[in-house]
Amino acid sequence: MKKRILVTGGAGFIGSHICERLLQEGNYVICCDNFYTGNKNNLDRILNDKNFEILRHDITFPIYLEVDEIFNFACPASPVYYQNDPVQTVKTCVHGAINMLGLAKRTNSKIMQASTSEIYGDPEVHPQSESYKGAVSIDGPRACYDEGKRCAETIFWDYKRQHNVDVKVIRIFNTYGPRMQINDGRVVSNFIVQALTNKDITVYGDGSQTRSFCYVDDLVDGIFLMMNKKNLPGPVNLGNPSEISINELAKEIIDLVGSKSKLINKNLPIDDPKQRCPDIDIAKKKLSWKPSYSREDGLKKTIKYFDMILQKDKEN
């Protein structure tokens, strides 16, 4: 039987990939997005699908639908955007979670929360496992997102305990790939665009801080395995444990692009984590999931995408 599935943030980077995969699997998909960071162009391939519809709606307000499953992915994930309106970011995380959980409770739907590695803050434990409680600043510029997502997780567990809602919580680590915004301020998109245009590559701090980057197709595989796994509410880390310094990443991208860009250093933003790497033992054992894309292969696909976007912008 065809499922009716709601994807909040469905026009976003990850949400659009989820919508596409759900349609491929024969579902009816409702994409809900307020288009603060979502982009209708991300949905070009599926806009005319008879089993797809778009609702322009902000999930800080309730929505009344009949659905079988909910993927709650609505929230700006880039510091540039979530720090631009921190109060709205908290509302999206918290009020949005309450509204979507209320919908799940009423319709007896399974619901997935897109949580984040940011709930671990600037970690004192490395790599970060799901049992780690985190080291988050409650009054810093990143807190609207970090603490908003932590509170959202709390609400998810309370709805599970109090109302027996079928919840799924994943913690997404740095993800990259086609459909990232060209100006979202995240490190992979920044470096690729700067390299393609032969501009200086901006490294914040001394570049020794590390990140672990997961290609979007690998992430989406993990999302679907988690959604379909019975008796595993989470939380489950989804990310690539291959760790790299920011300096090394910049040099890799310069080499892959064949760019003339040079590295320049700027001050490190407040509360920027020094290390970020997922422990994915639970995902490996419970979901039989681990990333399959090498960083080089993923970066090549992403570079090709951004090159195409830049060429289109030139033509226009």
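Not measured: the values here are computed from a predicted model.

Visitor: Please explain the overall build of the chain as it appears in this structure.
Guide: Looking only at helices and strands, the chain has nine helices and 13 strands in total. Relative to its length of 316 residues, the chain is compact, with a C-alpha radius of gyration of 19 Å against a globular reference of 20 Å. Once the C-alpha set of the chain is aligned to its principal axes, its extents read approximately 55 × 45 × 40 Å. Looking at the chain as a whole, 55% of its 316 residues are labelled buried. Of the accessible surface of the chain, which amounts to about 14,600 Å², a share of 47% is contributed by carbon and sulfur atoms. Looking at charge distribution, the chain has the averaged site of its 42 positive side-chain charges lying 4 Å from that of its 40 negative ones.

Visitor: Sorry if this is basic, but what is going on with the nonpolar core here?
Guide: Generally speaking, a soluble globular protein has its nonpolar side chains buried in company with each other. With 60 residues, the main nonpolar core has Ile 18, Phe 71, Phe 73, Phe 191, Ile 223, Leu 238 and Leu 249 as its most contacted residues. In terms of nonpolar packing, the next biggest core, distinct from the first, is built from 30 residues, Leu 65, Cys 93, Leu 103 and Val 165 among them.

Visitor: Explain the packing of helix H5 (residues 187-196) against helix H9 (residues 295-315) here, please?
Guide: For any two helices packed against each other, one specifies the crossing angle of their axes together with the interaxial distance. At a minimum axis distance of 10 Å, the contact between H5 and H9 shows a crossing angle of 60°. In terms of orientation, H5 and H9 fall into the oblique class. Read as a crossing pair, H5 and H9 show a hand that is right-handed. Across the interface between the two elements, Val 188, Ser 189, Ile 192, Val 193 and Leu 196 from H5 touch Leu 299, Thr 302, Ile 303, Phe 306, Asp 307 and Leu 310 from H9. In terms of residue class, the contact of H5 with H9 is made up of eight nonpolar, two polar and one charged.

Visitor: When you look at unusual backbone geometry in this model, what are you seeing that I'm missing?
Guide: When glycine is set aside, most residues are seen to have a negative phi, and most peptide bonds are trans. In this structure, Pro 127 follows His 126 across a cis peptide bond, with omega equal to -10°. The topology assignment puts Pro 127 in the loop between strand S5 (110-116) and helix H4 (143-163). Looking along the chain, the bond that leaves Gly 234 and enters Pro 235 is cis, with omega of 0°. Topologically, Pro 235 is positioned in the loop between helix H6 (216-228) and strand S11 (236-238). At Ser 288, a residue that is not glycine, the phi angle is positive and equals roughly 55°. Along the chain, Ser 288 turns up in the loop between helix H8 (281-287) and H9.

Visitor: Looking at this model, I keep getting lost on the pairing of strand S4 (residues 69-72). Mind explaining?
Guide: Two faces make up the sheet, and in a regular strand the side chains alternate between them. Across the two faces of S4 the burial is the same, with Glu 69 and Phe 71 and Ile 70 and Asn 72 all buried. By the bridge criterion, four bridges tie strand S1 (residues 4-8) to S4 in an arrangement that is parallel. Bridge assignment links Leu 6 to a residue of S4, and that residue is Ile 70. The pairing of S4 with S5 spans four bridges and is parallel. If you follow Ile 70 over to S5, its bridge partner there is Ile 111.

Visitor: I would appreciate a short explanation of the pattern of salt bridges in the present structure.
Guide: Charged atoms that come close allow side chains of opposite charge to pair. Within the structure shown, the criterion is met by 15 salt bridges. A single salt-bridge network, built from bridges that share partners, covers Lys 3, Glu 69 and Lys 110.

Visitor: Can you walk me through H9 in this structure?
Guide: The α-helix winds at 3.6 residues per turn, so residues separated by three or four positions along the chain end up facing the same way. Over its 21 residues, H9 runs 30 Å from end to end, which matches the ideal 30 Å to within 8%, given 1.5 Å per residue. What H9 keeps buried is the set Arg 295, Gly 298, Leu 299, Thr 302, Ile 303, Tyr 305, Phe 306, Ile 309 and Leu 310. Angular distribution of buried residues about the axis of H9 spans 165°; they occupy a single face of the element. The exposed residues of H9 that point more than 90 degrees off its buried face are Lys 304, Lys 314 and Glu 315. Those residues of H9 that are buried lie in contact with strand S7 (175-176), H5, strand S10 (214-215), strand S12 (243-245) and helix H7 (246-257).

Visitor: Any chance you could explain the sheet that holds strand S2 (residues 28-33) here in plain terms?
Guide: Within a sheet, adjacent strands bond to each other through the backbone by hydrogen bonds, running parallel or antiparallel. One open sheet holds the seven strands; their spatial order is S3-S2-S1-S4-S5-S6-S11, and the pairing between them is parallel. Of all the strands in the sheet, the pair left with one neighbour each is strand S3 (52-56) and S11. Averaged over all neighbouring strand pairs, the angle between strand axes comes to 20°, with direction disregarded. The pairing of S5 with strand S6 (residues 167-172) spans six bridges and is parallel. Note on S6: the bridge partner recorded for Met 112 is Lys 168. Against the sheet, helix H1 (residues 13-24) engages S1, S2, S3, S4 and S6, with an angle of about 170° to S1. Across the sheet, helix H3 (residues 86-107) lies against S1, S4, S5 and S6, angled at about 170° from S4, the strand it touches most.

Conventions we followed
- Residues numbered from 1 in each chain as written.
- Predicted model: local features only at pLDDT ≥ 70, side-chain atom pairs only at ≥ 80, totals over all residues.
- Heavy atoms only, no water.
- Helix = DSSP H or I, 4+ residues; strand = E, 2+ residues; numbered from the N terminus.
- Rg over C-alpha atoms; globule rule 2.2 N^0.38 Å.
- Buried < 20%, exposed > 50% of the residue type's maximum accessible area, 1.4 Å probe, protein only.
- Areas by Shrake-Rupley, 256 points an atom, 1.4 Å probe, with all protein chains shown as cover.
- Lys, Arg positive; Asp, Glu negative; His and termini not counted.
- Charge placed at Lys NZ, Arg CZ, Asp CG, Glu CD.
- Core = buried A, V, L, I, M, F, W, Y, C linked by side-chain atoms within 4.5 Å.
- Axes fitted to C-alpha atoms, helices over the stretch in contact; angles between N-to-C directions.
- Parallel < 35°, antiparallel > 145°, perpendicular 65-115°, else oblique.
- Left-handed = near helix turned anticlockwise from the far one by under 90°.
- Contact = heavy atoms within 4.5 Å.
- Nonpolar A, V, L, I, M, F, W, Y, C, P; charged D, E, K, R; others polar.
- Pairing = 2+ DSSP bridges.
- Salt bridge = Lys/Arg side-chain N within 4 Å of Asp/Glu carboxyl O.
- Expected span 1.5 Å × (residues − 1).
- Arc of directions from axis to C-beta.

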